[in-house]
Amino acid sequence: MTSTTKNDILQILNATDSEIIKFMLETAKYRENNLITFSKNIFIPLTEICRNDCGYCNFKKNPEDPHAIILKTKEEILADLKEAEKHGCTEALFTFGEDADEEEIVRVKLKEYGYDSMIDYIVDVCQMTLDETSLLPHTNGGNFAYDDLKRLKEVNASMGLMLENSSNRLMELPAHNKSPGKNPELRIETIKNAGKLKIPYTTGILIGIGETKEEIADSLLTIKEIYDEYGHIQEVIIQNFTPIPGIEMENWQEPSFLDMIRTVIAGTLVFKDTDVSIQVPPNLNNDTAQIFLLCGADDWGGVSPVSPDYVNITSPWPGIDELEKLTEDAGFKLIERLCVYEKYINDEWLNENLLDNIANLSEHQ
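Residues numbered from 1 in each chain as written. Predicted model: local features only at pLDDT ≥ 70, side-chain atom pairs only at ≥ 80, totals over all residues. Heavy atoms only, no water.

1. Remarks on the overall build of the protein
Broken down by element type, the protein carries 12 helices and 9 strands. Since a compact globule built from 365 residues should have a radius of gyration of about 21 Å, the 20 Å found for the protein is in line with a globular shape. Projected onto its principal axes, the C-alpha positions of the protein cover 60 × 50 × 40 Å. Counted over contacts in the protein with a minimum sequence separation of 6, partners at least 24 positions apart contribute 76%. Of the accessible surface of the protein, which amounts to about 15,600 Å², a share of 47% is contributed by carbon and sulfur atoms. Taking the average place of the 33 positive charges on the side chains of the protein and the average place of its 64 negative ones, the gap between the two points comes to 2 Å. (Helix = DSSP H or I, 4+ residues; strand = E, 2+ residues; numbered from the N terminus. Rg over C-alpha atoms; globule rule 2.2 N^0.38 Å. Contact = heavy atoms within 4.5 Å. Areas by Shrake-Rupley, 256 points an atom, 1.4 Å probe, with all protein chains shown as cover. Lys, Arg positive; Asp, Glu negative; His and termini not counted. Charge placed at Lys NZ, Arg CZ, Asp CG, Glu CD.)

2. Things to note about helix α7 (residues 184–196)
Over its 13 residues, α7 extends 18 Å from the first C-alpha to the last, a length consistent with the 18 Å expected when each residue adds 1.5 Å. For α7, the set of buried residues is Pro184, Arg187, Ile188, Thr190, Ile191, Asn193, Ala194 and Gly195. Residues of α7 that are buried sit in contact with α6 (146–153), β5 (201–207), α8 (213–230) and β6 (233–240). Its side-chain oxygen at 2.9 Å from the backbone nitrogen of Glu185, Asn183 defines the N-terminal cap of α7. Following α7 by one or two positions, Lys198 adopts a phi angle in the positive range, close to 60°. (Expected span 1.5 Å × (residues − 1). Buried < 20%, exposed > 50% of the residue type's maximum accessible area, 1.4 Å probe, protein only. Polar contact = N/O pair within 3.5 Å; in protein donor to acceptor, adjacent residues only side chain to side chain.)

3. A closer look at the state of the cysteines
By the definition in use, this model includes 0 disulfides. Cys89 carries a free sulfur, and the closest cysteine sulfur to it, the one in Cys339, is 12 Å from it. Of all cysteine sulfurs in the structure, the one in Cys126 sits closest to Cys339, which takes part in no disulfide; the separation is 10 Å. (Disulfide = S-S within 2.5 Å.)

4. Considering the packing of helix α2 (residues 17–28) against helix α9 (residues 257–270)
With their axes 10 Å apart at the nearest point, α2 and α9 run at an angle of 35° to one another. Here α2 runs over α9; the crossing is left-handed. Residues Ile20, Phe23, Met24, Glu26 and Thr27 of α2 form the contact with α9, whose own contacting residues are Leu258, Ile261, Arg262, Ile265, Thr268 and Leu269. When the residues that make up the contact of α2 with α9 are grouped by side-chain class, the tally is 7 nonpolar, 2 polar and 2 charged. (Axes fitted to C-alpha atoms, helices over the stretch in contact; angles between N-to-C directions. Left-handed = near helix turned anticlockwise from the far one by under 90°. Nonpolar A, V, L, I, M, F, W, Y, C, P; charged D, E, K, R; others polar.)

5. A look at the pairing of strand β2 (residues 91–96)
Here β2 lies mainly inside the structure; 6 of its 6 residues are buried. Strand direction decides the pairing type here: strand β1 (residues 35–47) and β2, joined by 6 bridges, are parallel. Residue pairing in the sheet places Thr47 in a bridge with Phe96 of β2. On the question of chirality, the crossover connecting β1 to the parallel β2 by way of helix α3 (residues 74–86) is right-handed. (Pairing = 2+ DSSP bridges. Right-handed = clockwise from strand over helix to strand, strands pointing away.)

This is the structure we're talking about:
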C-alpha cells in the first residue's frame, strides 16, 4: 500500500462537497472490524501548578489561588483510587503541571511529604497504585528527561504527551508564547525517548490554535515518522480547541465541524497501514461525536465515571451507557480496553511486575 504524502493530506484538509464523502468512504476500506474502544479511568491531577501558561489552558492555577491543588497527598490519591476501583476503573491517569517543582510552594510540599523532587513523588505514587490497587498507572505530565522516563517506565503501563503541533511558529502565538515546554523540539525529543525506552505511548495534535493546514500535515507526518522508527505509539488523538470563559483565548474561533472531519480523515489515512488507533475525545464533541467514527476514528480514549476532565472542566464525560448507545447507533460496537494496548502486553515492552498486575486485573474483569 502506498503511504499518504503531504500533498495527499492537504487534498483532504482542503476538500469540499462530495470530495469529503469520497475521503470518508476511503477510510472505511482500512477498518478491520466494527469495534470502538475506550478505557475506563479516573483522572487525578497531582498538582495544578505548571511552568507553562498556554493561552487555551483551563488547568493551570496560580500558586496564590486558594482553590489550587498544590500537591495531593498519597492518602488523598489512594482514597480516589479505591473509589475508582468500586466503579470498575482500570486506568489511573495522573496529570500535573510541567516542572511544577520549579515553584517554591510545590518544593515545600514535596519536602513536607519526604521527597526531593516531583519525579521522586510521581514514581512513588505510581508504585503505590500498583501495590495497593488493581489500577494501571498512565502518566501524562509534560516533557521528561530520558533518565526520568526510564524510571517512570518501570511503574507505568503506558504514558502520553500531546505533540499538539510540530511547528515552531506557534511558539509566537497566544497558544504557546508563554509556554517553554510546548517547544515542539522538546516534545518530539520526549516522544522519541519514550520510543527508545519502549514505552507504550499516546500522542496527538490539537487543532484550532492558529496552525495552518500545512502545519497539521507536517505534524501528522512527524508522528508517523516517529512511529515508523520506534513502533511505540498506540494511539493518536485528534483534539479540537474549545474556548472556555476566562482563558486568554476565550474569544478565539474554534475549529469548524468540517475541519475536525477533514483532520480525522487525514489522521486515519496517514496511519491506515498500521494498528495505531485514531482517538477523538467524545466530551469535546458531544453533538457530533458519531460522525468521527464514520471518518475512521476507532477509540474514545479515557472516559471516567468518577472524575471530571480537569483539562476541559466545562466538558463533562458522557456516561458509559450513553457512549454505548451513540456508538451502536452509528453501527459499531463499544468495548472496554486497558490503557496499554494488547500488542504491548509482553516482556519486550513491560516488566514482570506490570505484567503480573495486568494478568491479575484481567482475571477479575
